[in-house]
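Close look at the chain arrangement
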Amino acid sequence: MTQTDDLRVETEGSQARIVLTRPRAINALTPAMMQAISEALQGWAEDEAVDQVAILGEGERGFCSGADVRAIRQLVLDDPQAAVDFFRVEYAVNELIATYPKPVVSHVHGISMGGGLGLAVHASRVVADEDLKLAMPETGIGLFPDVGVTWQLSRAPGQTGTYLAMTGTTIDAGSAQYAGLVHDVLLPAEMDEEFGAYTDSQLATDRAWIDDCFAGDDPVRIVQRLAEHREPRARETAELLRQRSPWSVAVALEQVRRAARMAEVGEVLAQDLVLATNFVADSDFVEGVRAQLVDKDRAPQWRHASLEQVDPQLVASMFEPR
């Protein structure tokens, strides 16, 4: 098996465990980590002594912040094919978890975002700690919500999944459970029940204006409805979307709409690989990561000044295999 200091693979009795051990980087995923996870899962699938697999992340800050996007950005600049290969391995692991012949339990806590959710939300059971901060923040770095998560987002209540995909908003455990992204929330010890369903969810509270504004296939009209809505949080969301990559926001909307018509997670992941290949070739990704994580000036120069400038034909072309 591929060896890496950033991952621990172990078995105890009939349970196998994958433990992400890069806590200083909030367990950001590297190519070596993804390869090691792939090999471990494939081995346990055929191991009669293993009945169940658990996926966890070390460190108090979170389960996994996602892929190491600074490293991937450098691959895009130096070796684009290697960047595409990373996405190919990552999405294959996501599909393996989704179709695994044995139960897979993921335990998410703290910061759980991006590529980390690809290891989590496709599991048979997703358990969250109360401190969960979950997001697919890719439109803020010029990418798209990948790792097959638009399968779940396109099936979330009303238009809440569309909202999460386009905005990259961070949500708490109760909202993640409401959206169907986690199954159980591990409640504090003083509570009577170990697991429970949260009755309080900001996402559920916001659903009325989200459903009003995020319907349809036109991202420009969505932002217009948000900006004109009587609800202050809707107007704040319009401002948030104007800060995201217009190209990415438009792709994310189309991505969710297409995912809703697909029959299985594998189709969504195949769509993600086409998108990843095209985003590596040309997108806002390099600039977005530069602004947010390299230079940290928080002032990305997006290719388009607004959603109005994004040609629908450009969006459609991102879904066409190269």
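Residues numbered from 1 in each chain as written. Predicted model: local features only at pLDDT ≥ 70, side-chain atom pairs only at ≥ 80, totals over all residues. Heavy atoms only, no water.

Naming follows an unreviewed UniProt entry, where the protein chain appears as 3-hydroxyisobutyryl-CoA hydrolase of Luteococcus peritonei. Its UniProt record, at the heading Catalytic activity (unreviewed entry), says of the protein chain: "3-hydroxy-2-methylpropanoyl-CoA + H2O = 3-hydroxy-2-methylpropanoate + CoA + H(+)". (UniProt positions renumbered as here; feature names shortened; annotations may be inferred.)

Secondary structure assignment for the protein chain yields 14 helices and nine strands. A globule of 322 residues ought to have a C-alpha radius of gyration of about 20 Å, and the protein chain, at 19 Å, matches this closely. The principal-axis extents of the C-alpha atoms in the protein chain amount to approximately 60 × 50 × 40 Å. The buried share of the protein chain, taken over its 322 residues, is 54%. Residue pairs at least 24 apart in sequence account for 70% of intrachain contacts in the protein chain once pairs closer than 6 positions are excluded. Taken as a whole, the protein chain presents about 13900 Å² of accessible surface, with 47% of it coming from carbon and sulfur. (Helix = DSSP H or I, 4+ residues; strand = E, 2+ residues; numbered from the N terminus. Rg over C-alpha atoms; globule rule 2.2 N^0.38 Å. Buried < 20%, exposed > 50% of the residue type's maximum accessible area, 1.4 Å probe, protein only. Contact = heavy atoms within 4.5 Å. Areas by Shrake-Rupley, 256 points an atom, 1.4 Å probe, with all protein chains shown as cover.)

With respect to the helices, strands and loops of the structure, Thr-237 is situated in helix H10 (residues 232–243). The class for Thr-237 is buried, based on a relative accessible area of 6%. Not counting residues within four places of it along the chain, the set of residues in contact with Thr-237 comprises Tyr-163, Thr-167, Trp-209, Phe-214 and Leu-226.

The subject of this paragraph is the pattern of salt bridges. Going through the model one piece at a time under the given rule, you end up with 16 salt bridges. In this structure, the salt-bridge partner of Arg-257 is Asp-217, at a minimum N-O distance of 3.2 Å. Residue Arg-257 is located in helix H11 (residues 246–260), and its partner Asp-217 is located in the loop between helix H8 (202–213) and helix H9 (219–228); the two are separated by 40 residues in the primary sequence. For Asp-217, a relative accessible area of 56% puts it in the exposed group. Across the pair Asp-282 and Arg-303 runs a salt bridge whose closest N-O atoms are separated by 2.9 Å. (Salt bridge = Lys/Arg side-chain N within 4 Å of Asp/Glu carboxyl O.)

A word on the nonpolar core. Taken as a class, soluble globular proteins show a tendency for nonpolar side chains to be buried jointly. If you look at the biggest cluster of nonpolar residues, it comprises 96 residues, and the most contacted ones within it are Leu-20, Leu-119 and Phe-214. Considering each element in turn, this core owes the most residues, eight residues, to H11. (Core = buried A, V, L, I, M, F, W, Y, C linked by side-chain atoms within 4.5 Å.)

Moving on, we come to the packing of aromatic side chains. Summed over the entire model, instances satisfying the criterion amount to five aromatic pairs. Here the aromatic rings of Phe-86 and Phe-87 are separated by 5.8 Å at their centres, their planes lie at 70°, and the arrangement is edge-to-face. Neither Phe-86 nor Phe-87 differs from the other in exposure class; each is buried. Ring geometry for Tyr-163 and Phe-214: centres 5.6 Å apart, planes at 75°, overall edge-to-face. Note that Tyr-163 is positioned in helix H6 (residues 160–167) and Phe-214 in the loop between H8 and H9, a separation of 51 residues in sequence. The residues Tyr-163 and Phe-214 share a single accessibility class, namely buried. Grouped by ring-pair contacts, the aromatic residues Phe-86, Phe-87 and Tyr-91 constitute a single cluster. Positioned above the aromatic ring of Trp-151 is the side chain of Arg-155, whose terminal nitrogen or guanidinium carbon lies 3.6 Å from the ring centre. Positioned over the ring face of Phe-319 is Arg-258, at 4.2 Å from the centre of the ring. (Phe/Tyr/Trp six-rings, centres within 6.5 Å; stacked < 30°, edge-to-face > 60°. Lys NZ or Arg CZ within 6 Å of the ring centre and 35° of its normal.)

Before going further, it helps to spend a moment on the pairing of strand S3 (residues 52–57). Sheet topology note: the strand S2 (residues 15–20)/S3 ladder contains six bridges and is parallel. Among the inter-strand pairings, Val-19 is bridged to a residue of S3, identified as Leu-56. As for the winding sense of the linkage, the β-α-β connection from S2 through helix H1 (residues 31–45) to S3 is right-handed. In terms of strand pairing, S3 meets strand S4 (residues 104–108) through three bridges, oriented parallel. Paired with Ile-55 across the strands is Ser-106, a residue of S4. (Pairing = 2+ DSSP bridges. Right-handed = clockwise from strand over helix to strand, strands pointing away.)

Moving on to the pairing of S2. In terms of burial, S2 is a largely internal element, five of the six residues being buried. Relative to S2, strand S1 (residues 7–12) runs antiparallel, the two being bridged by six bridges. Each bridged residue has a counterpart across the sheet, and for Glu-10 the counterpart in S2 is Arg-17. What sits between S1 and S2 in their antiparallel hairpin is a turn of two residues, with Gly-13 showing a positive phi close to 65°.

End to end, H1 covers 21 Å across 15 residues, agreeing with the expected 21 Å (1.5 Å per residue, within 8%). Within the sequence span of H1, burial applies to Met-33, Met-34, Ala-36, Ile-37, Ser-38, Ala-40, Leu-41 and Trp-44. Along its buried surface, H1 packs onto S1, S2, S3, helix H3 (80–98) and helix H4 (115–120). (Expected span 1.5 Å × (residues − 1).)

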